[in-house]
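# Observations on chain architecture
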Amino acid sequence: MTNILEINNLNKSYYTLSGKINALKNINLNIKDGEFIAIVGSSGCGKSTLLNILADIDKEYNGKVIKKGSIGYMLQNDALLPWLSVYDNIMLPKKFNYNIDEKYVLKMLKKYNLIEFKDKLPSSLSGGMKQRVAFIRTLATNPNILLLDEPFSALDYQTRLILENDIYNLIKKEKKTAIIVTHDIAEACALADRVVVLSKRPGTIKNIYEINLKNKSNPINNRIDEKFNNYFNIIWKDLDNNVKR
């Protein structure tokens, strides 16, 4: 499997009134095509900063990032425009010269039981439905690499598990590469092929764990795998109990 993303000697600093702050230090990571990577670490360690760099939102850094595919970025907040319909929110990237397959969008709306809300405003949707719409919008431009910045954190536990399952299955089915930032170790172990643990600021890669479950399938079933708790406990200890659950 070839690398679709390579991060070499990445360093990021920024300045405040108090002086220089080192956010990321010597990040080196290769990600293979089709991998699902989770990044965990304490608050302020630079997880979201790293995603912003990968998405070209933040271009002020030292080091090299090599991407062999296009990027789709799904934020923690659904970022739906309240005055646009569900359909128009999904089609919004078209205004910025992205090619979007409208048949694919309608197919996804049907798949997630959102077709009847196509012409409704986002205010008529539940939190889980809004995140599904945001995910469809992310996929609509057909990116090779998906960046997911805590996309489930604002949802109740049951909705979170269902949405995790839906998104994971779709990512695997369509053979996308995905990188998720999360504070939830269980979520990381349930979703990822590898979990990257960042240290406290400045964020460096402390350890990388291959998640080799005995009966790996989908995130809900992965949580009851006999090896799941072992991975959870190892990563929890590696974080010095600094990660919020």
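Values in this document were obtained by computation on a predicted structure and should not be read as measured data.

### Remarks on the pattern of salt bridges
Think of it this way: side chains of opposite charge can pair up when their charged atoms draw near. The full count for this structure, using the stated rule, is 15 salt bridges. Here lysine 94 makes a salt bridge to glutamate 102, at a shortest N to O gap of 2.9 Å. Residue lysine 94 is classed as partly exposed on the basis of its relative accessible area of 41%. In this structure glutamate 102 comes out as partly exposed when scored by relative accessible area, which is 35%. Salt-bridge contacts for aspartate 238 lead to lysine 206; the nearest nitrogen and oxygen are separated by 3.6 Å. With aspartate 238 in helix H8 (residues 228-238) and lysine 206 in strand E9 (residues 205-210), the pair connects residues that are 32 residues apart, well separated along the chain. Accessibility expressed as a relative area gives 12% for aspartate 238, which makes it buried. Three or more residues are tied together by salt bridges with common partners; here these are Arg160, Glu164, Asp184, Glu187 and Arg223.

### Observations concerning the sheet that holds strand E4 (residues 62-67)
Reading across the sheet, the three strands line up as E2-E1-E4 and stay open at both edges, with antiparallel pairing between neighbours. The strands lining the two open edges of the sheet, one partner per strand, are strand E2 (19-32) and E4. Within the sheet, the average angular offset between the axes of one strand and its neighbour, ignoring direction, is 20°. Strands in contact with helix H1 (residues 47-54) are strand E1 (3-16), E2 and E4; relative to E1, the strand with the most contacts, it is inclined by about 120°.

Conventions we followed
Residues numbered from 1 in each chain as written. Predicted model: local features only at pLDDT ≥ 70, side-chain atom pairs only at ≥ 80, totals over all residues. Heavy atoms only, no water. Salt bridge = Lys/Arg side-chain N within 4 Å of Asp/Glu carboxyl O. Buried < 20%, exposed > 50% of the residue type's maximum accessible area, 1.4 Å probe, protein only. Helix = DSSP H or I, 4+ residues; strand = E, 2+ residues; numbered from the N terminus. Pairing = 2+ DSSP bridges. Axes fitted to C-alpha atoms, helices over the stretch in contact; angles between N-to-C directions. Contact = heavy atoms within 4.5 Å.

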